[in-house]
Amino acid sequence: MNFTHLTALELGRAIAAGDVTIPQATKAALEEIAQRDKSLNSCITVLEEQAMERAEVLQKGLKPGLSPLYGVPLLLKDNLCTQGVKTTCGSKLLAGYMPPYDATVVEKVQNAGGVCLGKGNLDEFAMGSTTETSYFGPTRNPWDENRVPGGSSGGCAAGVAAGFAWYALGSDTGGSIRQPAGYCGLTGLKPTYGTVSRYGLVAYASSLDQVGSLCRDAADCAAVLDLIQGKDRRDSTTVDGNYGGLLASLNGDIRGLRVGLPVECFGEGLDPCVAQRVREVAQVLQHRGAVLTEVSIPELKQVIGAYYVLASAEASSNLARYDGVKYGFRAEKYKNLTQMYENTRSQGFGKEAKLRMLLGTFVLSAGYYEAYYKKALAVKEQVKVGLERAFAACDVLLTPVTPNTAPKLGESLRDPMKMYLSDLYTVPANLAGLPALSMPCGVDGQGLPVGAQLMGPRFGEQVLLSVAHAYQQETDHHKSVPRGGEGR
Ligand code: GLN
């Protein structure tokens, strides 16, 4: 049986039914990685032996009534701590770092019978939109290897799209799950802030960071969130979302649901082909009984400036701990303590991380705090209010994920402003702490995947997943795979 094209849930069912064994699935995935990851560079670490050993153990433990994802192989973004397995954050500074513990989400997938195949490449400390700022070299997009897979969870997105794994866990601070999912033709979900524990996720901007999934479809995203969500005493920002089984309640019935299209998200700068694809999504939803409404959220125009001020401010504080004493890399040559810090940080961090730390310390400094940091906080509040107003008039918002499809390698680093601006549709959900999902909705003129984003109110995951599921019952875009990945 050819099982590589299955979704995670389908593979889980095939395993439970005895049609495929866990070692067979794991071996097939590892073979794909061995053959094709030299050019894609989606994984920083591949756990060949460990994964096979675990697969054998899990196979022996197979019995009725286990998790629907029992035995399904996955990738983890390399900013999720894994006990005894290198966790690099795509940085020279942590190139040899072995965490002494597992992140809560890692523990949860392990307890549910997940088989971790390896650690996905990412922009250094998750700062970026292309996976080109990784110390371990850029990841390529399996749809077109001259293009980026998006970022920062680009390794995970490329890996799942290429058929190396059935799903992946990533993190999203300003779009890092949804944007690479969009560029690689996957369904990606960033849950409501606080829904999933951040314990063991290496912090970028703590008030915006959230762990989520990159999958082949909405049903898989529901199953993964069922598994990883929940209150964690080790992360005081977690809450009990009381979802009560997202997968079980997925029925695709969206009759009467109000879908809002924010006018601000269909204006200047948006590729007409992307706009067209997203409008087609609206038509499909209407056909399924949803009611379309146009909404206006003028606050969305301010998001990029506020996001980069806040994210950099928090990053400058979070990254202060990498000083050569407690974690990872330490410079070889120095004359005294101060020089040891200086040399370690100058040699250990890449350009983008340094830029963000400089910007962060600048906006937090005494003379500029009021002018930048406090203003950005005020904008964040306004964005929240604007979105709350919108959610009084509709149940979900439909927007593009990005203004364009995946850029060529090198293009974004030459024009970083354009790259920062391309986050405009994804960052509002982080600023307001809301759930948002990205799903494939066709291709552009060059055959590259286009993503549509659905955003919901706080704890509105069930509605988002329902809408995406209804769309995927009606269309086949989520089933398209890049050339070379036909084996899936
Ligand atoms: N592109 C955004 C940034 O560089 C988002 C990154 C993320 O979500 N981790 O900050």
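Look above for the structure.
Residues numbered from 1 in each chain as written. Predicted model: local features only at pLDDT ≥ 70, side-chain atom pairs only at ≥ 80, totals over all residues. Heavy atoms only, no water.

*Asks:* I tried to follow the side chain of Asp209 on my own but got confused; where do I start?
*Replies:* Checked against the element boundaries, Asp209 lands in the loop between β5 (187-190) and β6 (210-215). Put simply, Asp209 is tucked away with no salt bridge, and the nearest opposite charge, on Arg198, sits 5.1 Å away. A distance of 2.7 Å separates a polar atom in the side chain of Asp209 from a polar atom in the side chain of Thr173. Separated by 3.0 Å, the side chain of Asp209 and the backbone nitrogen of Tyr204 make a polar contact. Those residues in contact with Asp209 that lie beyond four places of it in its chain are Asp172, Thr173, Tyr193, Arg198, Leu201, Ala203 and Tyr204. (Helix = DSSP H or I, 4+ residues; strand = E, 2+ residues; numbered from the N terminus. Buried < 20%, exposed > 50% of the residue type's maximum accessible area, 1.4 Å probe, protein only. Lys, Arg positive; Asp, Glu negative; His and termini not counted. Salt bridge = Lys/Arg side-chain N within 4 Å of Asp/Glu carboxyl O. Polar contact = N/O pair within 3.5 Å; in protein donor to acceptor, adjacent residues only side chain to side chain. Contact = heavy atoms within 4.5 Å.)

*Asks:* Just to check I follow, could you spell out the site of the ligand for this structure?
*Replies:* Inspection of the region around the ligand gives 15 residues, with Thr173, Gly174, Ser176, Tyr204 and Tyr307 positioned closest. Contact distances for the ligand include 2.9 Å between an oxygen atom and a backbone N or O atom of Gly128. Contacts to the ligand include Ser176, whose side-chain N or O atom sits 2.7 Å from a nitrogen atom. In the complex, 99% of the free accessible area of the ligand, which totals 300 Å², lies under the protein chains. In the shell around the ligand, the residues fall into five nonpolar, seven polar and three charged. (Near = heavy atom within 4 Å. Areas by Shrake-Rupley, 256 points an atom, 1.4 Å probe, with all protein chains shown as cover. Nonpolar A, V, L, I, M, F, W, Y, C, P; charged D, E, K, R; others polar.)

*Asks:* For this particular structure, what's the right way to read the sheet that holds strand β11 (residues 449-455)?
*Replies:* What holds strands together in a sheet is hydrogen bonding between their backbones, with the strands either parallel or antiparallel. The sheet built from 11 strands is open, its strands ordered β1-β3-β2-β4-β6-β5-β10-β11-β9-β7-β8 with mixed pairing. Of all the strands in the sheet, just β1 (43-46) and β8 (291-295) have a single pairing partner and so form its edges. Averaged over neighbouring strand pairs, the angle between their axes works out to 30° when direction is ignored. Bridge analysis of strand β7 (residues 258-262) against β8 gives five bridges, and the strand direction is parallel. By the bridge assignment, Gly260 is partnered in β8 with Thr293. (Pairing = 2+ DSSP bridges. Axes fitted to C-alpha atoms, helices over the stretch in contact; angles between N-to-C directions.)

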